Amino acid sequence: MKTTLPILFLFVTLLHGNGFLSIFAVESRPNVVLVITDDQGYGDIAAHGNRIIQTPKLDKLRDESIRFTQFHVDPTCAPTRSALLTGRYSTRVGIWHTILGRSILRKNEILLPQLFSNAGYQTGMFGKWHLGDNYPYRPHDRGFREAFYHLGGGVSQSPEFWGNDYFDDTYYRNGIPEKTSGYCTDVWFSNAIDFIKRHRDNPFFLYLATNAPHQPLNIDEKYWKPYVEKGIAEPLARFYGMITNIDENIERLDQTLQELGLADNTIFIFMTDNGSAGNGFNAGMRGRKGTPYDGGHRVPFFIRLPNGNFGQPRNINTLAAHIDLLPTLTEICHLQKPENIVLDGKSLLPLLVSEKQPENWSDRGLGIEVNRNGIPQPWVNSVFLTQRWRLVNGTELYDIETDPGQNHNIAAQRSEIVTELRRQSMERWADILQGAREWSRIPIGSPNANPVRLCVHDWNGTGVPAYHNRVADFIANGRWAVDIERNGKYRFRLRHFPEESGLPLHATNAALIVNNQRWEKNEVNTNNPQNEVQEIVFDVALQAGPAWIETELDDQQHGIYRGAFYVYVEFLE
């Protein structure tokens, strides 16, 4: 049954800096569907010249959309997501890593789903969040009325429900674990489709962030075997197979919009979070995920807009970025702009409504960095971009118009350009690094979340066992930044494995350190030859305030010393 579309109305907007008025009809309160995949690069789409991969639906969506061909993001997962949802540089909001406490988005940031929710939209997210697993950083704490997601930066990573492997996993619905049936990507899309059906009569914002094709490269062989039969090595065949499965699911989702009569009043956006993690076709670009070259951060961005109000599908070659999405959707959907917050992005609406670039759309400079250690530093694995130039690490200069593959460093020949771009970049650094040393502290003792689990993924330390299969033998230690919300008695349960695993501890001595206070327990397994103890418990009195929590697990029998990878903290009284 086809849903009646909302009443049309006219609005008048003064396009920023263009000096003309644009008057056009739009659907009242359009729906927005934003699909972002993980580790899929610009070249991992058939329509971009890849002769191997099969992506018929993405090819069709591209043909129906306005395509930004110079759209840039951060070169890794969490930084891109933080910038995308805030309209602010990832470093400015404290996200420059994917682990070690630097993937938790500060609680005072205003996110796009909050703006939609405040405007009366139904908001839902499905899939990968990667901006904090604890209150108040979870997706349902940040404006999504409904959230169904995995933990950490990928399925089967250390924060994840033990045993998750992409098939029949346990994920979290608004913080509550829920067993699923089927393949992860299929599960995300099925839940998203259900969300659309339930909210077909209300405006909605749907954020669908797949964990695929991020490793581990787990996918049914019916998707990867055909690529092997074409002579593709199995790792890349699996990578492509995961993308083909995504493509099928995008077809399912779009078909739902069509069948419900919603497609003509829905903005459909497809993009990816960084350059390719595969080793296949790269559209002639240098670099891949995690690098400051275009192959690390130039990604597909398709936006299909309703009713032809924005002209015909076409390429827009103007430099744009993830930070532009929030101001763009704020303007198109008439959302209340965040107050007293500096946005680094700019609305792309002037480009969308004009068949040619507005005359006074000024050339802009953008900064991107891949700092994964300590406080970010200028010229360390970074790039400053303009429409024509790329200044990499402050010393390499490339003319993208004549050298899109970034093969010829012309810094020596164009030193005046290097000097000017360094000046602009340093102005940006001085601005965005203010407050960069602030930590997103995890509350303990909060009435809103008690007990709390602290995971090795979020500690600031010497390393992290990224996946479940590394937890058993990994040796490292670190400390968690927390806020103790109430004075009182707290119970700390120190574990090497999460409690749902049922696995033993393997430690003889243990210690808990909170700021300068230390508590110890020794010979905890002396009288237990079968070594079935799963946790060591400390009950301690703490004062409210910011704190650092450390642990020590000493397995003298095997000569191993490390921290507890999972700590459960409960306020008792």
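Notes on the structure in this doc start here. (Residues numbered from 1 in each chain as written. Predicted model: local features only at pLDDT ≥ 70, side-chain atom pairs only at ≥ 80, totals over all residues. Heavy atoms only, no water.)

### Section: the overall build of the chain
The secondary structure content of the chain amounts to 11 helices and 30 strands. Relative to the globule expectation of 25 Å for 573 residues, the C-alpha radius of gyration of the chain, 24 Å, shows essentially globular dimensions. Its C-alpha atoms give the chain principal-axis dimensions of roughly 80 × 65 × 55 Å. Taking all 573 residues of the chain together, 61% fall into the buried category. If you sum the accessible surface of the chain, you get close to 22,000 Å²; carbon and sulfur atoms cover 47% of it. Across the chain, the mean location of the 57 positive side-chain charges is 3 Å away from that of the 66 negative side-chain charges. (Helix = DSSP H or I, 4+ residues; strand = E, 2+ residues; numbered from the N terminus. Rg over C-alpha atoms; globule rule 2.2 N^0.38 Å. Buried < 20%, exposed > 50% of the residue type's maximum accessible area, 1.4 Å probe, protein only. Areas by Shrake-Rupley, 256 points an atom, 1.4 Å probe, with all protein chains shown as cover. Lys, Arg positive; Asp, Glu negative; His and termini not counted. Charge placed at Lys NZ, Arg CZ, Asp CG, Glu CD.)

### Focus on the pattern of salt bridges
All told, the structure shown has 33 salt bridges when counted by the stated rule. A salt bridge links Asp-39 to Lys-289; its shortest N-O distance comes to 3.0 Å. Of this pair, Asp-39 sits in the loop between strand E3 (31-37) and helix H1 (56-64) while Lys-289 sits in the loop between strand E11 (266-272) and helix H7 (294-297); the two residues are 250 residues apart in sequence, bridging distant segments of the chain. Between Arg-493 and Glu-499 there is a salt bridge, and its shortest N-O distance comes to 3.2 Å. (Salt bridge = Lys/Arg side-chain N within 4 Å of Asp/Glu carboxyl O.)

### Remarks on the side chain of Thr-123
With respect to the element layout, Thr-123 can be found in strand E6 (residues 122-128). At 2.9 Å, the side chain of Thr-123 forms a polar contact with the backbone nitrogen of Arg-145. When sequence neighbours within four positions are dropped, the list of residues in contact with Thr-123 reads Pro-113, Phe-116, Ser-117, Gly-143, Phe-144, Arg-145, Glu-146, Phe-195 and Phe-205. (Polar contact = N/O pair within 3.5 Å; in protein donor to acceptor, adjacent residues only side chain to side chain. Contact = heavy atoms within 4.5 Å.)

### Considering the packing of aromatic side chains
Per the counting criterion, the structure on display carries 24 aromatic pairs. Ring geometry for Trp-439 against Trp-548: centres 5.4 Å apart, planes inclined by 85 degrees, an arrangement best described as edge-to-face. Taken together, the residues span a long stretch of sequence, with Trp-439 in the loop between helix H10 (415-432) and strand E20 (442-444) and Trp-548 in strand E28 (residues 545-555) at a distance of 109 residues. Assessed through its relative accessible area of 25%, Trp-439 is described here as partly exposed. Ring geometry for Trp-459 versus Trp-480: centroids 5.4 Å apart, planes at 55 degrees, classification tilted. Here the residue Trp-459 occupies a position in the loop between strand E21 (452-455) and strand E22 (460-461), and Trp-480 occupies one in strand E23 (residues 478-484), the gap between them amounting to 21 residues. On the basis of relative accessible area, Trp-480 is assigned to the buried category, the value being 0%. Members of the aromatic cluster, each reached through a chain of ring pairs, are Phe-116, Tyr-121, Trp-129, Phe-144, Phe-205 and Tyr-207. The positively charged end of Arg-286 is found above the aromatic ring belonging to Tyr-293, 3.9 Å away from the centroid. In this structure, Arg-428 packs its charged tip against the face of Tyr-89, placed 4.1 Å from the ring centre. (Phe/Tyr/Trp six-rings, centres within 6.5 Å; stacked < 30°, edge-to-face > 60°. Lys NZ or Arg CZ within 6 Å of the ring centre and 35° of its normal.)

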